[in-house]
Amino acid sequence: MESYRSAAFHGFLGERSVTELLAFDRVSKRFGKKLDIFEKMANIFGSNIKEQTVHAVDNVTFTINQGEVVGLVGESGCGKSTLGRLGCGLHTPTEGTVRYRGQPLESESGVRRPVQLIFQDPFASLNPRMRVIDIVGEAPRVHGLVDRAQQSDYTAEMLTRVGLDSTYMQRYPHQFSGGQRARIGIARALAVKPEFLVCDEAVAALDVSIQAQVLNLFMDLRDELGLTYLFISHDLGVVRHLSNRVVVMYLGRVAEIAPTEELFAEPNHPYTQALLEEIPRIDRKHRTFVPIRGEIPSPLAPPPGCHFHPRCPKAMPRCSVEAPMLREISPGRLSACHLNDPN
């Protein structure tokens, strides 16, 4: 049987040529809710009920290079998960293009994708009626990577790779702990030999001690298999530990992109500054917690101009009418804020 990948991953990005793997080019995603029959009838009698549109992702552009771990952070509802699903072909962009190795990412079913998604909930994403041998081994068999006679050995190899006993393959998901189910989800994603993993809050549902084990597993797999990650998380500590670069999103738009240590040392965008200001630190004593003022606006009706301006302590009149461009402010750093304009 063909091994998962024969060549080990050597070096980091600075030690080899940079290869663009996944690119979002002016990508937007909107979800529409059409009127049901009762709402249409209400309109006949004088109501003014309109169809609703959720602006989940709004004109996002950035690239991820081979071997990178890019962290994607932001408040709940900012579009992180939707962007992750766009990146692996589960959603089709309303506008723009998602490219993989320079080619549009195919969304047809039945095609073995080089980009795989690890879901947030390690229990809900596993079929409770299927044994692990089928959860992990079915997709590679369907795609012709192994035949039925090889499925058991291949599943055992995948389970061993993620730190599980291969004898567990005859069990059902409810017979595992949360950490074990998370590893099964990772094994399932690895089984079709991807190059790129989208990890959507992959450790959020786990205890802290189990989180550390799974995060270490992710790093070991990157070094061993040469994987590239888009790591979606609301936990800034996890992102700082794992990522090479960080993309900060707010209400569907990218606010800032920067190398991890530079972003944590000197955030540029006011929203990034507000996020990092509230990270608990040992050297901060007797400090009163002050949250970002106001609530995140609804993606059904995002504010005009800069989406963050209703909550921004540095907002100017211009911010409420003109959306700032995401522009380079220093080598490798981009920010979408009018404060960076030369004028």
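Residues numbered from 1 in each chain as written. Predicted model: local features only at pLDDT ≥ 70, side-chain atom pairs only at ≥ 80, totals over all residues. Heavy atoms only, no water.

1. Describing the side chain of E201
Put simply, the rule is: Each helix is a run of DSSP H or I of at least 4 residues and each strand a run of E of at least 2, with the numbering of both proceeding from the N terminus. Think of it in three bands: with a 1.4 Å probe and only protein chains considered, a residue is buried below 20% of the maximum accessible area for its type, exposed above 50%, and partly exposed in between. Counted as positive: Lys and Arg. Counted as negative: Asp and Glu, with His and the chain ends omitted from the count. Salt bridges are counted wherever a side-chain nitrogen of Lys or Arg sits within 4 Å of a carboxyl oxygen of Asp or Glu. Contacts between residues were defined by any pair of non-hydrogen atoms, one from each residue, lying within 4.5 Å.
Following the sequence through the fold, E201 ends up in the loop between β7 (196-200) and α6 (208-225). Although E201 is buried, it makes no salt bridge; K80 carries the closest opposite charge, 4.5 Å away. Look past the residues within four positions of E201 in its chain and what remains in contact with it is K80, Q120, I232, S233 and H234.

2. Here we look at the pattern of salt bridges
What the rule picks out here adds up to 15 salt bridges. A salt bridge links E75 to R311; the shortest N-O distance between them is 3.0 Å. Within this pair, whereas E75 is found in the loop between β3 (69-73) and α2 (80-87), its partner R311 is found in the loop between α9 (270-277) and β11 (327-330), the two being separated by 236 residues in sequence. The shortest N-O distance in the salt bridge between R318 and E322 comes to 3.1 Å.

3. Observations regarding helix α3 (residues 132-142)
Within the sequence span of α3, burial applies to V132, I133, I135, V136, G137 and P140. Check the buried side of α3 and you find it contacts α4 (148-161) and α5 (178-190).

4. Quick look at the pairing of strand β8 (residues 228-232)
Worth spelling out the cut-off: Paired strands, in this sense, are two strands between which DSSP finds at least two bridges. Assignment of crossover handedness uses the view with strands pointing away from the viewer, where a clockwise path from the first strand over the helix to the second indicates a right-handed crossover.
Within β8, 5 of the 5 residues are buried, which leaves it mostly tucked inside the rest of the structure. Neither face of β8 is left uncovered, since the one carrying T228, L230 and I232 and the one carrying Y229 and F231 both have all their residues buried. Note that β3 and β8 share 4 bridges and pair parallel. Bridging across to β8, G71 finds its partner in F231. Here β7 pairs with β8 via 5 bridges, running parallel. For D200, the partnering residue across the bridge sits in β8 and is I232. This β-α-β element, β7 to α6 to β8, shows right-handed connectivity.

5. What about the packing of α3 against α4?
Stated precisely, the cut-off is as follows: Fitted lines through C-alpha atoms serve as axes, helices being fitted only where they are in contact, and the angles separating the N-to-C directions of these axes extend from 0 to 180 degrees. Left-handed describes a crossing in which the near helix is turned anticlockwise from the far one by less than a right angle; the clockwise case is right-handed. The classification used treats Ala, Val, Leu, Ile, Met, Phe, Trp, Tyr, Cys and Pro as nonpolar, Asp, Glu, Lys and Arg as charged, and all other residues, Gly among them, as polar.
One way to put it is that α3 packs onto α4 with a least axis distance of 9 Å and a crossing angle of 115 degrees. The way α3 lies across α4 gives a crossing that is right-handed. Where α3 abuts α4, its residues V132, I133, D134, V136, G137, E138, P140 and R141 lie against R148, Q151, S152, Y154, T155, M158 and L159. Per-class residue counts for the contact of α3 with α4 are 7 nonpolar, 4 polar and 4 charged.

6. Notes on empty space enclosed by the protein
As a reminder, the rule being used: Only protein atoms enter the 1 Å grid, on which a cavity is a set of points fitting a 1.4 Å probe that cannot get out and a pocket is an open set with protein on both sides within 12 Å along at least 5 of 7 lines, lining residues being those with an atom within 4 Å of a point. Grid points are joined across faces, edges and corners, and a volume is the space filled by probe spheres set on the points.
Throughout the structure, instances matching the rule amount to 2 cavities of 30 Å³ or more. Around the largest cavity, the lining is made up of 13 residues, and of these I118, F119, S125, A182 and G185 lie nearest the centre. With 5 residues, α5 is the largest single contributor of residues to the lining of the largest cavity. Classifying every residue of the lining of the largest cavity by side-chain character gives 8 nonpolar, 3 polar and 2 charged. Counted as a void, the second largest cavity has a volume near 70 Å³. Forming the walls of the second largest cavity are 13 residues, and the residues nearest its centre are P270, C306, C312, C319 and C337. Broken down by class, the residue content of the lining of the second largest cavity amounts to 9 nonpolar, 3 polar and 1 charged.

7. Considerations on the packing of α5 against α6
Put simply, the rule reads: When describing relative orientation, an angle under 35 degrees is termed roughly parallel and one over 145 degrees roughly antiparallel, while 65 to 115 degrees is termed roughly perpendicular and anything else oblique.
Where α5 contacts α6, the two axes come as close as 10 Å, and the packing angle between them is 20 degrees. Classified by the angle their axes make, α5 and α6 are roughly parallel. Considering the relative orientation of α5 and α6, their crossing is right-handed. Residues G179, R183, I186 and L190 of α5 form the contact with α6, whose own contacting residues are I210, Q213, V214, L217, F218, L221 and L225. Looking at side-chain class alone, the contact of α5 with α6 contains 8 nonpolar, 2 polar and 1 charged residues.

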